[in-house]
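Structural overview for review
Chain residues, written in single-letter form:
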Protein chains: 4
Amino acid sequence: MTIIHQTSSRKLDHIRICSQDEVEQGDPGFQGVSLIHNALPECDMGKIDTGVRFLGHLFGSPLFIAAMTGGHPETTVINEQLARAAERFNLGMGVGSQRAALENPDLEGTFGVVREMAPSAFLCANIGVVQLRDHGIEWADRAVEMIRGDALAVHLNFLQEAIQPEGDHDARGCMAALASLCEEASYPVIVKETGSGIAGETARRIAGAGAAAIDTGGRGGTSWAAIEAIRADESSRDQDRHLVSLGEEFLSWGIPTVTSLCEVVPAGLPVIATGGVRTGIDMAKAVALGADLAGMALPLLNPALKGEESLSNTIERLLHQLKVTMFLTGSPDIAALKRTRVIISGTNGALGVH
Amino acid sequence: MTIIHQTSSRKLDHIRICSQDEVEQGDPGFQGVSLIHNALPECDMGKIDTGVRFLGHLFGSPLFIAAMTGGHPETTVINEQLARAAERFNLGMGVGSQRAALENPDLEGTFGVVREMAPSAFLCANIGVVQLRDHGIEWADRAVEMIRGDALAVHLNFLQEAIQPEGDHDARGCMAALASLCEEASYPVIVKETGSGIAGETARRIAGAGAAAIDTGGRGGTSWAAIEAIRADESSRDQDRHLVSLGEEFLSWGIPTVTSLCEVVPAGLPVIATGGVRTGIDMAKAVALGADLAGMALPLLNPALKGEESLSNTIERLLHQLKVTMFLTGSPDIAALKRTRVIISGTNGALGVH
Amino acid sequence: MTIIHQTSSRKLDHIRICSQDEVEQGDPGFQGVSLIHNALPECDMGKIDTGVRFLGHLFGSPLFIAAMTGGHPETTVINEQLARAAERFNLGMGVGSQRAALENPDLEGTFGVVREMAPSAFLCANIGVVQLRDHGIEWADRAVEMIRGDALAVHLNFLQEAIQPEGDHDARGCMAALASLCEEASYPVIVKETGSGIAGETARRIAGAGAAAIDTGGRGGTSWAAIEAIRADESSRDQDRHLVSLGEEFLSWGIPTVTSLCEVVPAGLPVIATGGVRTGIDMAKAVALGADLAGMALPLLNPALKGEESLSNTIERLLHQLKVTMFLTGSPDIAALKRTRVIISGTNGALGVH
Amino acid sequence: MTIIHQTSSRKLDHIRICSQDEVEQGDPGFQGVSLIHNALPECDMGKIDTGVRFLGHLFGSPLFIAAMTGGHPETTVINEQLARAAERFNLGMGVGSQRAALENPDLEGTFGVVREMAPSAFLCANIGVVQLRDHGIEWADRAVEMIRGDALAVHLNFLQEAIQPEGDHDARGCMAALASLCEEASYPVIVKETGSGIAGETARRIAGAGAAAIDTGGRGGTSWAAIEAIRADESSRDQDRHLVSLGEEFLSWGIPTVTSLCEVVPAGLPVIATGGVRTGIDMAKAVALGADLAGMALPLLNPALKGEESLSNTIERLLHQLKVTMFLTGSPDIAALKRTRVIISGTNGALGVH
Ligand SMILES: Cc1cc2nc3c(=O)[nH]c(=O)nc-3n(C[C@H](O)[C@H](O)[C@H](O)COP(=O)(O)O)c2cc1C
Ligand SMILES: Cc1cc2nc3c(=O)[nH]c(=O)nc-3n(C[C@H](O)[C@H](O)[C@H](O)COP(=O)(O)O)c2cc1C
Ligand SMILES: Cc1cc2nc3c(=O)[nH]c(=O)nc-3n(C[C@H](O)[C@H](O)[C@H](O)COP(=O)(O)O)c2cc1C
Ligand SMILES: Cc1cc2nc3c(=O)[nH]c(=O)nc-3n(C[C@H](O)[C@H](O)[C@H](O)COP(=O)(O)O)c2cc1C
């Protein structure tokens, strides 16, 4: 019998809440971005090439399966489904935070399954910046080895830490830990937020630390303030009542994905736009704004829970929307889509942090 | 017995759906355009001259009956009513795509009826740019001859093609086909969109190809994404389920009519503003923004189905509104209306493509 | 028995509709205008002087009782009440169009009553610009004599004319008629709109014609398009059905009062701001924007029908609001109010003509 | 038996209405202010220092308990609770207007209780500018002595005076009274509004008079127009009917707190931002915009009425929110928070006075 640690059972809470409750908050900003219809597109939709190169790997399309799970036996099946889809569609994929398995090696299989299912896909290991600081490159290396990963994502989630009962409230030393990891690691390091977005100033510091890429993880999609408020609300512990209202107070905290994208791109690193990306049109807008990939987590969770057919259908629908959008903007390939004219309306002009 | 081809029966679907369902989407932008009230207009409403010259023809008013139908025996009566109105009010009129009759000459009468009913009106033949590319000037000539047309409209409808099960997804070679048609044809060629609008860059390419005029066919009126989503929803074929959601995803795709008008006018060709024009005030705004004619399709469909009196009343009401607007802006004729002051509010500043 | 002409009974329709139905349309723009709170106003609210000089007359306050009625026996009592209030509060007052009495002298008393009730108030006669053009200075003089008026208001109402079954649709020659009246008349001529507002260009022409003052009569208060649509809707005549929809189409036609005020003030004439003025705060905003007087019609109609106490209470309430506003902006008198800082928010920047 | 004067019983009305009814009006503007998420904050939330220096006193946090009550025996318990909280959390606190006790020394204990309960806290005496003008420095000194205060707040409330039946409507001489108080007083003088905000021009005059600090008292929180309208509505006196509508007319009068803050800060005095501050995020925004302290009245009233635990919980929640906000913007102390990037969106650009 596997002993399920606190970290591990928390991961299961998150999956359950995300699959059942309303956890999206705010507006990522894609509605305020316009692509221009090209009435005479002069390309063949059947021949559109959605392939894109990112960190030396050639992906079938810019759709990235964002980090979600692993760390509890019941999550293995989700990672299995996501990995099979990654392999089938040649998509990049991230696993969820590997902390539970780093603490308890019995859980390694819940992550390792992804490499079994996706022998050739680009897979991204995942640890929190606080774990990196506290355990150093050793944990980072172990995380990558666990899935024979192509890269490591270090996630930043201090909003969640701040409002989580079990959260780590000390952020000092993280920057230095990041910098030394980037210097020593034999794999590329992607720094990602998880729903509050990355500002321009922060992006420049991350670039300066030597990261290989940035994932915006902007506001407007899955909200950890919402998830933790729901989790605290379910709790019977008295001290958690206060955390419900704390979570609610910060529901609209953070930099919307589109704003974060516009702030991060000038830092010059490859960029994944994640947070509230919901359609192939959103994916195209993200690319036209300068992203290399567009990540989605929540929209893939329930399809993965339903099984292979549902997940395949969802991904096909998204890729079809992307192709129609590329066709109607006259973009035969991603490079052309990147050059396409984009109009950003006023409301996105300022960082919409509440 | 006439054999009804696929193209032909599809045309009947469109008519039925447009006459019964909600097929308008988005905002064409006229609400954001202001004409200035002239409290001392110094003209006689009874003597207002709505006449306008377009491609060498003198029209009774800028109202253009936009391309709608033909190609199925049951549509003959619609074209008959529209043509009689065109003759009575000296309006320009376009027929729907003539592809069905070009494929099946038995259906030619469903289009030819318009010249019988409107011996002196300006009539505009119609083929799709894909048919033009595939069949060349021969089909174009046959289309014009079929109605003894004064011009040929080549329609661009790649949004519809992209989301139609039977759609043509290859847009290559269309520009070249257009250019050689414009060079060789003995009649003026009007290039028109059908609901997604034409951008400035596209307008310049169309002008460069030698077209005689442009019809904006902007977003905000009849939406082909809506029509095709409804049609797919009615279908029993399994693979069409996916097309319903695809159509819905693109409901707000396209350049609003007012934005398209502002982008197209500087290209220097005569312009028809179509897409969501709904009142005589809208018509006046279109003219004040630089359009030569203002086209309407949907608002004339049900009146035409009801019969002559209903259609006449509708047109009279529109022309009366136009005259009141011209009177209240102190514009005794269309040339004066073109010079009248217009204010465009912020929301129309950017291309409102979703 | 007095024979009631068409003009006369129409006037009764208007009063009835305005007292019962919803006849206000659009936004006059006062909400977008901000006065600045002065936390240390250094004046005495009890000593605030609301007196204002206009066309050589000293008024008790900038509240002007705008032209409403007369011309039908049943309206006499309304004019009587309004005039008594004008006398009591030393306000300026206009009578409604005197056309009915000019056509039928039996009705003169319905207007003349105002001078009886208000021997010392500033009273303003009223004729339409079309009547002026058709009947010349003779009618103008008779109108002024009928009430021993201090000025003549010539009203511009071509929106109403255009959509009224009985309307005069020829506006030619009005400018010239105005200019010769201004040259010859022995009384000041005020040119007023009646709900569609006056644009800057029109104001300059009016000033050039020699008018003594302008009344904006802007959009956002009583709407003649609404009133005529309701009247046509009540009619049993078949041809009037069409006028209902015509009225509705033009419900939002016209230049909002605040916009019109900003356009008219630079023309350099004294200005009355009318159209949707509803509170003493609105009055203060109008003055701060450059108006000399602020007119109200509709808000005084039902109180006048109810009787003296109701009308007095209404006016007292308005003047109290004005005084509080003057106090809180630190304006001991109207001259100070005129100099007070005003902020106009974006939405009023452009002429909000629909 | 204490004889309860009019002033005193009015104070009780206010408390009752504020604790039961909806007395907040308008938007203080904090939603239009954005703080920037710092994904790598590099500080320790557990070590965040919220201490701030103001008028020579070191406060535990920028939360200021704004002036509310005293003057009626039943209010003693409220002041007691608030003072105990001030002492416990080392917060600044103001008492309500001391007029009732200056008129009737029997009531002094309702104020004096605060110094008993908060021997070391910064306590602020309070009189109205009209009482100051009428009774001079003698009342000011007595007010300060009554609570052994660290400062005196002189409140400006002419909106309330103007619409209160018992109000003082003469504001003359207040500026001079302020100036001579500031010159002669042995304690710092804070000039505060009570819900209508202070404009830049007024702030400069206040600074010129020698005040030690300004409290914005902006619009968007507790509204005296609302409170007085409710009180007039409860009254049985006939002349008070009119005051209900007067209060309602001025519900949205005043300068929003955020706007007032931006206008007041450049005057160079220390600033307390009060009026609609509702969360720790609002407090952080106020500080980032240049405030030294952020005051709250209404949100503390019901907790104080419920008792110590409720009030402590409320304050702890607010301070926790403030700390999370400081953490997520990477601000280890208030000085860093003051330097943090802030974005003000368009709607706050203009003074939103209705
Ligand atoms: C159920 C769930 C679990 C997640 N777990 C992680 C995680 O462990 N590590 C991480 O970096 N991000 C995690 N994320 C964040 C996502 O990678 C992504 O940044 C975020 O959800 C925004 O994308 P979305 O709006 O498409 O969901 C998780 C998201 C979800 C929905
Ligand atoms: C029922 C219907 C059928 C149409 N068929 C055609 C067509 O065959 N060819 C074409 O160029 N446009 C066609 N259109 C598009 C119209 O010409 C017009 O561009 C579009 O409907 C926008 O105008 P509206 O909003 O006034 O309907 C059709 C429109 C309708 C409503
Ligand atoms: C019942 C009624 C009758 C009116 N009759 C006249 C009229 O005869 N002549 C005129 O110049 N204006 C007339 N007006 C217009 C008013 O003078 C005023 O310009 C307009 O109603 C806008 O003000 P309000 O929004 O305060 O009503 C009338 C208004 C009303 C409500
Ligand atoms: C019940 C109550 C009584 C108040 N009494 C006073 C007072 O006597 N003197 C004063 O200067 N301000 C008084 N105020 C105003 C507050 O100090 C504060 O400026 C205002 O309420 C705005 O803050 P809020 O929105 O957080 O309530 C009072 C406020 C409340 C709610």
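Residues numbered from 1 in each chain as written. Chains lettered and ligands numbered in written order. Predicted model: local features only at pLDDT ≥ 70, side-chain atom pairs only at ≥ 80, totals over all residues. Heavy atoms only, no water.

Here we look at the UniProt feature "binding site: Mg(2+)" (unreviewed entry) in chain A
All names here are of chain A. Feature annotation in UniProt places "binding site: Mg(2+)" (unreviewed entry) on Glu 161, given in this structure's numbering. Topologically, Glu 161 is positioned in helix 6 (residues 158-163). Overall, the relative accessible area of 7% leaves Glu 161 in the buried class. Once residues within four sequence positions are removed from consideration, Glu 161 is found in contact with Gly 167, Asp 168 and His 169. (UniProt positions renumbered as here; feature names shortened; annotations may be inferred. Helix = DSSP H or I, 4+ residues; strand = E, 2+ residues; numbered from the N terminus. Buried < 20%, exposed > 50% of the residue type's maximum accessible area, 1.4 Å probe, protein only. Contact = heavy atoms within 4.5 Å.)

What to know about the nonpolar core
Leu 152 of chain A, Leu 152 of chain B, Leu 152 of chain C together with Leu 152 of chain D are the most contacted members of the largest nonpolar core, which totals 492 residues. Residues in contact with Leu 152 of chain D, not counting those within four places in the same chain, are Cys 124, Ala 125, Asn 126, Ile 127, Ala 140, Ala 143, Val 144, Leu 181, Tyr 187, Pro 188, Val 189 and Ile 190 of chain D. (Core = buried A, V, L, I, M, F, W, Y, C linked by side-chain atoms within 4.5 Å.)

Remarks on the interface of chain D and chain A
Interfaces are often sized by the amount of accessible area the parts lose when they come together. At the junction of the two partners, chain D supplies 29 residues and chain A supplies 35 residues. Of the roughly 2,700 Å² buried between chain D and chain A on both sides combined, carbon and sulfur atoms contribute 65%. Per-residue buried area on chain D facing chain A is highest for His 37, Leu 40 and Glu 42 of chain D; these three make up 26% of the total on that side. At the boundary of chain D with chain A, the tally comes to 2 salt bridges. Counting residues per element, the ones that place at least two in the side of chain D that touches chain A are strand 1 (33-35), helix 12 (280-288) and helix 14 (308-328) of chain D. (Buried area = accessible area lost by both parts, 1.4 Å probe. Salt bridge = Lys/Arg side-chain N within 4 Å of Asp/Glu carboxyl O.)

Points about the interface of chain A and chain B
Listed by partner, the interface residues are 29 residues for chain A and 35 residues for chain B. Counting across the chain A and chain B interface gives 2 salt bridges. Measuring nitrogen to oxygen at the nearest pair gives 3.2 Å for the salt bridge that ties Arg 341 of chain A to Glu 263 of chain B. Remark: the boundary between chain A and chain B carries 13 residue pairs in polar contact (both at pLDDT 80 or more). (Polar contact = N/O pair within 3.5 Å; in protein donor to acceptor, adjacent residues only side chain to side chain.)

A closer look at the environment of Pro 303 of chain B
Residues and elements named next belong to chain B. Note on placement: Pro 303 falls in helix 13 (residues 298-306). In sequence terms Pro 303 and Thr 329 are 26 residues apart; their C-alpha atoms lie 29 Å from each other. Beyond its immediate chain neighbours, meaning those up to four positions away, Pro 303 contacts Ser 310, Leu 311 and Thr 314.

Structural notes on unusual backbone geometry
Even without a glycine there, the phi angle at Asn 90 of chain C is positive, about 55°. Mapping Asn 90 of chain C onto the fold places it in the loop between helix 2 (76-89) and strand 5 (92-94). Among the residues examined, Asn 90 of chain C registers a relative accessible area of 28% and is labelled partly exposed. For Glu 42 of chain D, which is not glycine, the phi torsion reads 50° and is therefore positive. Relative to the assigned elements, Glu 42 of chain D resides in the loop between strand 1 and strand 2 (52-54). Note on Glu 42 of chain D: relative accessible area 28%, which makes it partly exposed.

Some points on the packing of helix 13 (residues 298-306) of chain D against helix 14 of chain D
All names here are of chain D. At a minimum axis separation of 7 Å, helix 13 and helix 14 run at an interaxial angle of 145°. Between helix 13 and helix 14, the contacting residues are Pro 299, Leu 300, Pro 303, Ala 304 and Lys 306 on the first element and Ser 310, Leu 311, Thr 314, Ile 315 and Leu 318 on the second. Taken together, the residues of the contact of helix 13 with helix 14 sort by class into 7 nonpolar, 2 polar and 1 charged. (Axes fitted to C-alpha atoms, helices over the stretch in contact; angles between N-to-C directions. Nonpolar A, V, L, I, M, F, W, Y, C, P; charged D, E, K, R; others polar.)

Section: the relation of the copies chain D and chain A
A rotation about some axis, followed by a shift along it, carries one copy of the chain onto the other. Mapping chain D onto chain A calls for a rotation angle of 90° and an axial translation of 0.0 Å; the resulting RMSD is 0.0 Å. Expressed as a symmetry operation, the mapping of one chain copy onto the other fits a four-fold axis. (Least-squares fit on C-alpha atoms with pLDDT ≥ 70 in both.)

Details of the site of ligand 4
Residues and elements named next belong to chain D. Around ligand 4, the surrounding shell holds 24 residues, and the nearest of these are Ala 67, Ser 97, Lys 192, Thr 222 and Arg 278. In this structure, Ser 97 approaches ligand 4 through a main-chain N or O atom, which is 2.8 Å from an oxygen atom. In this structure, an oxygen atom belonging to ligand 4 sits 2.8 Å away from a side-chain N or O atom of Lys 192. When residues of the shell around ligand 4 are traced back to their parent elements, those giving at least two are helix 1 (6-20), strand 8 (189-193) and helix 13. Broken down by element, the shell around ligand 4 gets its largest block of residues, 3 residues, from helix 1. Each residue belonging to the shell around ligand 4 can be placed in one class, and the counts come to 10 nonpolar, 10 polar and 4 charged. (Near = heavy atom within 4 Å.)

Quick notes on the packing of aromatic side chains
Between two aromatic rings, the relevant description is the distance of the centres plus the angle of the planes. Tallying each qualifying case throughout the model produces 20 aromatic pairs over all chains. With 6.0 Å between their ring centres and 65° between their planes, Phe 54 of chain B and Phe 59 of chain B make a pair best called edge-to-face. By relative accessible area, Phe 54 of chain B is classed as buried at 2%. Ring centres of Phe 327 of chain B and Phe 158 of chain C lie 5.7 Å apart, and the angle between their planes is 85°; on these two criteria the pair is classed as edge-to-face. Of the two residues, Phe 327 of chain B is situated in helix 14 (residues 308-328) and Phe 158 of chain C in helix 6 (residues 158-163); the pairing between them involves two chains. Accessibility expressed as a relative area gives 0% for Phe 327 of chain B, which makes it buried. Judged by relative accessible area, Phe 158 of chain C falls into the buried class, the value being 0%. Three or more aromatic residues joined by ring pairs make a cluster, and in this case those are Phe 54, Phe 59 and Phe 122 of chain A. (Phe/Tyr/Trp six-rings, centres within 6.5 Å; stacked < 30°, edge-to-face > 60°.)

A closer look at the side chain of Thr 314 of chain B
All names here are of chain B. Note on placement: Thr 314 falls in helix 14. Among the residues examined, Thr 314 registers a relative accessible area of 10% and is labelled buried. Among the polar contacts made by the side chain of Thr 314, one reaches the main-chain carbonyl oxygen of Ser 310 at a distance of 2.9 Å. In this view, Thr 314 contacts Pro 299, Leu 300 and Pro 303; residues no more than four positions away in its chain are not counted.

Things to note about the pairing of strand 8 of chain D
All names here are of chain D. By the criterion of burial, strand 8 is predominantly enclosed, with 5 of the 5 residues buried. Taking every second residue as pointing to the same face, both faces of strand 8 are buried, with Val 189, Val 191 and Glu 193 on one and Ile 190 and Lys 192 on the other. In the sheet, strand 7 (residues 151-156) pairs with strand 8 via 5 bridges, with the strands oriented parallel. If you follow Ala 153 over to strand 8, its bridge partner there is Ile 190. Judged from the 3 bridges that link them, strand 8 and strand 9 (residues 213-215) form a sheet pairing that is parallel. Bridge pairing in strand 9 places Val 191 opposite Ile 214. Chirality of the crossover, the property in question, places the unit of strand 8, helix 8 (residues 200-208) and strand 9 among those that are right-handed. (Pairing = 2+ DSSP bridges. Right-handed = clockwise from strand over helix to strand, strands pointing away.)

Examining the pattern of salt bridges
Proximity of charged atoms lets side chains of opposite charge pair with each other. In the structure shown here, the tally under the stated rule is 72 salt bridges over all chains. When the shortest N-O distance is used, the salt bridge between Arg 133 of chain B and Asp 168 of chain B registers 3.6 Å. Residue Arg 133 of chain B is found in helix 5 (residues 129-146), and its partner Asp 168 of chain B is found in the loop between helix 6 (158-163) and helix 7 (174-184); the two are separated by 35 residues along the sequence. Salt bridges sharing common partners tie together Asp 13, Arg 16, Glu 228, Arg 231 and Glu 234 of chain A.

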